[in-house]
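A look at the structure
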Amino acid sequence: MTGCGDKKEDTTSNSSTDTAKAPYVLKFSHVVSPNTPKGKAADFFEKRLEELSGGKIDVQVYPSSQLYKDNAVLKALTLDSVQMAAPSFSKFGKIVPQLALFDLPFVFKDLDHLHRVQDGEVGQKLKDMVTAKGIVALNYWDNGFKQFSSNEKPVLMPDDAKGQKFRIMSSKVLEAQFHAVGANPQMMPFSEVYSGLQQGVIDAAENPISNIYTKKFHEVQKYLSISDHGYLGYLVVMSKKFWNSLPEDLQKDVTQAMNEATQKEREYALDLNMKQLDLIKEYAKKTGKIEIFTLTDEQKEAWRKKVSTIYPEFYSDKKIGQDLIEKTIATK
């Protein structure tokens, strides 16, 4: 039932509020399963907003692309066919290319630095750019930092990537990142990565641990490097028409529920990445089929020096913008 805004029966929402009595109905469409960090945070948001609004807002969560896939949901939001979604940053590429800031390699020192950027001036500027396009940007949610995996050799220093065919998602930043270290970036749909690695069409990839584990990439790669070199996340957005229809007190409730859900989502994402890394380590110990390395500070610095040479390619305001990149690096 893609592209349809009608309410589904029974299974899709665990809302206890009687729709007939709630003055506002908020449909939250997302593409992942309910047991993921995004799915769990969406359910938390549903309960919390219904509680804060005293049942005035009936939140209905539709997981697993039941209403829309990510590539269709932004249009649905502008039409108010759905009121909330949490697409990955890459889905905003055409309307706000500056969100590619989050693709820049080694621009974030660690998770705390990333969150300070998202919750500070830079994060607000990016949200304002999205909101100016007619979609209200609320908060950033984590998937996690990306790690290198390979069948050729462990990727520890920039030279280790040389000549390797790395799968990338569609991104000018990621193309530049791998060209900078002499690797061959190969654009490939996510659904084809497992077979691509298995059959040797590609040698290597970059993914958060949750993607590696759930898609079993660790079973078709010999080496995994915990590099935390790039970031994957989501932007939670709302229909402007819906937001503007809410009185100020209910807008405040939405903001509070969203801030609380964001804190939860970050905890869920970190917890899941750590647990799944432990499961990959257990697999490695049991089978001896994959070796796991963690980049040292010196190795990370060597990478940072090499790949930060691409930053000026994105200084144009039509790309990311020098101001945003420099403010990100300077964020304390």
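For the structure given in this document, a descriptive report is provided here. Note that this is a predicted model, so its numbers are computed, not measured.

The rules we used
Residues numbered from 1 in each chain as written. Predicted model: local features only at pLDDT ≥ 70, side-chain atom pairs only at ≥ 80, totals over all residues. Heavy atoms only, no water. Buried < 20%, exposed > 50% of the residue type's maximum accessible area, 1.4 Å probe, protein only. Helix = DSSP H or I, 4+ residues; strand = E, 2+ residues; numbered from the N terminus. Contact = heavy atoms within 4.5 Å. Polar contact = N/O pair within 3.5 Å; in protein donor to acceptor, adjacent residues only side chain to side chain. Salt bridge = Lys/Arg side-chain N within 4 Å of Asp/Glu carboxyl O. Pairing = 2+ DSSP bridges.

What follows covers helix H3 (residues 111–119). Every α-helix carries 3.6 residues per turn, so stepping three or four residues along brings you back to the same face. Regarding H3, the residues found buried are His-113, Leu-114, His-115, Val-117 and Gln-118. Against the buried residues of H3 lie helix H4 (121–131), strand E4 (135–150), strand E8 (223–239), helix H9 (248–287) and helix H11 (322–330). For H3, the N-terminal capping position is held by Asp-110, with its side-chain oxygen 3.2 Å away from the main-chain nitrogen of Asp-112.

What follows covers the pattern of salt bridges. Pairing between side chains becomes possible if they bear opposite charge and their charged atoms approach one another. For the structure shown, the criterion picks out 13 salt bridges. Between Glu-51 and Arg-48 there is a salt bridge; the shortest N-O distance is 2.5 Å. Pair noted here: Glu-51 and Arg-48 are both in helix H1 (residues 37–52), with a separation of three residues, about one helical turn. On the basis of relative accessible area, Glu-51 is assigned to the exposed category, the value being 55%. When its relative accessible area of 18% is taken as the criterion, Arg-48 is described as buried. The salt bridge involving Glu-121 is made with Lys-327; its shortest N-O contact spans 3.1 Å. Of this pair, Glu-121 sits in helix H4 while Lys-327 sits in helix H11, and the two are 206 residues apart along the sequence. On the accessibility criterion, Glu-121 (47% relative accessible area) is partly exposed. What you see here is one network of salt bridges that share partners, running through Glu-121, Lys-125, Asp-323 and Lys-327.

Along strand E7 (residues 204–208), five of the five residues are buried, which leaves the element largely enclosed by surrounding structure. Where burial is concerned, the two faces of E7 agree: the one with Ala-204, Glu-206 and Pro-208 and the one with Ala-205 and Asn-207 are both buried. The pairing of E4 with E7 spans five bridges and is classified as antiparallel. Residue Lys-146 lies in a different strand from E7, and its bridge partner there is Pro-208.

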